[in-house]
Structures are given as C-alpha cells and as structure tokens.
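Notes for the structure review
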Amino acid sequence: MTVPVGATIGVEEEYHLVSVETLALTDAPQVTQRAVELIGDCAQGEISTAQVEIATPVISTLADVRREVTRLRAGADQAAQESGCRILVAGTHPFSSWRDQRLTAGVRYVALLERWGLLALQQMIAGCHVHVAVPSLDVAVHVLDRLRPDLPALLALSGSSPFWEGTDTSYASYRTQWFGRWPVTGATEVFGSTQRYDEVVADMVTSGLVDDASHLYWDARPATRFPTVEIRVADVMPVIDDVVLHAGLARSMVRVAAADTPVPEVRPEALRAARWRAARHGLEGELLDLRSHTLVPAATLVHDLLDRLRDDLEGAGEWDEITSLAEQALMRGTSAARQRQVMERTGDLVEVTRSVVLDTFGD
C-alpha cells in the first residue's frame, strides 16, 4: 500500500552526556546499553561514547511528537542519571573538548575514522532529524529540489550551539559550520530526476567518499532505511515546543513541495549565503530571503514561510498550533541566544550548560 506524503513522521535526536557534578562531557558508553534496556531500540549509540541517540517510532500527529520525544528523553536521561550523568540537548557542549572523548566501538565508526581521520574524532555535535513519509524515491527527489530555499528558516529557528570548547563562536549554530568541513554535508543542487540523483550517488561511491547513500549527510536527503525524506538541517533543541514546531513545519514543507510546482530558481552560491546567515544569526538578526533577494528580519522570513504553508496546515488541522508555537519561538528566541544571556549574567559556562538542562527538564 502506498503511504501518502506526510502521513507519518519520525524524529531523531542526538544528545551529549554530561557529569551531574561538573556538567563536563562524560565518557559513558554504558548509558546507551541501559537506555536500550529502558526504551528498546528507540535508543542507540553515536560516534562518541559521550553521546546517545533516540529515534521515535513511526508516528502521525504533533501530539505523538510531543509525547514520544518527551518519553524518550526521559528514558535516556534516566539511563544517564544511573551513571551519574544527564543528557545535554544542545548542538554543541559549551566548554568540553573533543580531545577528551573516545570513538564508540563498532564497525561503522571505525570505518568513519579510517575514511575521515581527525574529522571523525572531532564530531562532537548533536542534531535533530525529521523523517517525513513519501511514497517513492521519485517523490523524494522531487521534494528535495523544492525544499532548498526554505531550509535556512528551519536552521535559524533551531540554533543551540553558540559555544565551542569554551569560546563564544558568534554563531547561533556553530554545529553547522563545524559539520560543514565534511564534504558530504550541506545543501544540494537541483537533481531534476531520480536518474540524476542515482548518478550523483554513484559518483560519490566511485570516488571513495561514501560506501552508499546512507553516508550522505545533506541538509535534506532521501532516507535509505525508510521511505522518507529526512530533514537534517537543525541543531537539537532543548525546548520540546520547538521540536514540535520543527517537526510540524518540516512535514508541511514536504507536503507542499510534493505538489507539482516549479523548482525555485536559486543559485547554489545564494543558498550557501542564506544558510550561513541562518547559522550565524539565528533569530537575532536579518536573514537572506531567497525569493525577494533581500535581507529581512528573521521573524519576517518565518512569517512568510507560514503564509506559504497556511493552506496545507489548515487542511491538516495544524495551523493554530503551529502558528502559536512559532510566535512563542520568536518571542523566546533560540537556545543560542538564551545561553549567551546566561553567560553575560554569570560569566560561567558551567552555568550555561546547567541552563540548557533546565530548559529541557525544568529541574
């Protein structure tokens, strides 16, 4: 049976593991094993032993997103607390160094180290990925070509990685810049057809860059394990309302992009510039509108996106919730902005880290 576009979704989140006492990153591979015992195969390891990842089951509604992400965060955090840790839901850790971390044991991660060398050891970042159901690879490629101009808005809303190894990077999402060193990340150019997509993947495999398409970490990609478009542009976000907003926007964007609409004419140079501004400024500055080719306040870009999605969101019965969550996000600002406010007030990155845990759990 063919699944309609957007009928189901799934959310994946990556977390750092931090010491309860010091809030520094903690080498705790046992947390993943315990998380699997508590929440099943919704938990798995990540490239660093100071990380754990969760993935929701296949779900259908925004209420499902809220319930499942909340449940899985609680399970992962319980597993962490049993080892004297907490989960840290932020794109980067504010002060710990990659030099103190260990690579997770496993064939996949050893292969990444052999291929990427130091980049694999330095991969101390955490993102949020949303899977949106599509009926075929043809539809997925069609969607990717049309999503491109709106992905920077999702990035701007999600920024939670302003600090790196104790330094204020001046970015809302330094994770984006750090991950951008990998040649398999970032925005894609227009494919135009499934045949062309397959040719690009084949070239990447022939080059030795990847073994298969599952190792292509683009901002949006056709998933290889599931019949979905996977949107990967966002930092992980501590506030659950922001996760629900992100999932709702991502699904609506895919549904709208699946319609038979023209491919937006966007130069790759302009798309890179828009993506950079979103990572640099988050919601706290002007962003590049790729349709008007002007700089606009971040709120204007978000409102314009909502206007384009309105018919779809109203048809899905999600307009009121998504617009309410969007206004709250614009008023609250990004996690990056809140982290900087704590730093300005306390001068202490330990307190900044603690504030992210408070944002996530309220304790």
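Look up a bit, the structure's there.
Below or above, wherever it landed, is the structure these notes cover. (Residues numbered from 1 in each chain as written. Predicted model: local features only at pLDDT ≥ 70, side-chain atom pairs only at ≥ 80, totals over all residues. Heavy atoms only, no water.)

Within this structure, the stated rule accounts for 12 aromatic pairs. Ring geometry for W116 against W182: centres 5.0 Å apart, planes inclined by 45 degrees, an arrangement best described as tilted. In this pair, W116 sits in helix α3 (residues 107-116) while W182 sits in the loop between α7 (174-179) and β8 (185-186), placing the two residues 66 residues apart along the sequence. Here W116 and W182 have matching classes, each one buried. (Phe/Tyr/Trp six-rings, centres within 6.5 Å; stacked < 30°, edge-to-face > 60°. Helix = DSSP H or I, 4+ residues; strand = E, 2+ residues; numbered from the N terminus. Buried < 20%, exposed > 50% of the residue type's maximum accessible area, 1.4 Å probe, protein only.)

Looking now at the state of the cysteines. As enumerated under the stated definition, the model contains zero disulfides in all. Left unpaired, C128 is separated from the closest cysteine sulfur, that of C42, by 15 Å. For C128, a relative accessible area of 0% gives the class buried. (Disulfide = S-S within 2.5 Å.)

Tracing the backbone shows S252 in helix α9 (residues 240-257). Residue class for S252 comes out buried when judged on its relative accessible area of 0%. When residues no more than four places from it in sequence are discounted, the contact partners of S252 are L309, D312 and L313. (Contact = heavy atoms within 4.5 Å.)

With that settled, the discussion passes to the environment of P238. Along the chain, P238 falls in the loop between β11 (228-235) and α9. Placed 128 residues apart in sequence, P238 and V110 show a C-alpha to C-alpha distance of 30 Å.

Attention shifts here to the nonpolar core. With 87 residues, the main nonpolar core has L147, V229 and I231 as its most contacted residues. Ranked by the residues each element gives to this core, the list is headed by α9, at 10 residues. Setting aside residues no more than four positions away along its own chain, I231 makes contact with C128, H129, V130, L147, L151, L154, D219, A220, A250 and V254. By size, the runner-up hydrophobic cluster in this structure holds 19 residues, among which are L17, V52, A76 and A80. (Core = buried A, V, L, I, M, F, W, Y, C linked by side-chain atoms within 4.5 Å.)

The next point concerns the pattern of salt bridges. Taken as a whole and judged by the stated rule, the model has 27 salt bridges. Here D150 makes a salt bridge to R308, at a shortest N to O gap of 2.5 Å. Of this pair, D150 sits in the loop between α5 (137-147) and α6 (151-158) while R308 sits in helix α11 (residues 298-315); the two residues are 158 residues apart in sequence, bridging distant segments of the chain. Overall, R308 belongs to the partly exposed group, its relative accessible area being 34%. Where D242 meets R332, a salt bridge forms, and the shortest distance between an N and an O atom there is 2.4 Å. Of this pair, D242 sits in helix α9 while R332 sits in helix α12 (residues 319-332); the two residues are 90 residues apart in sequence, bridging distant segments of the chain. We classify D242 as buried; its relative accessible area is 8%. (Salt bridge = Lys/Arg side-chain N within 4 Å of Asp/Glu carboxyl O.)

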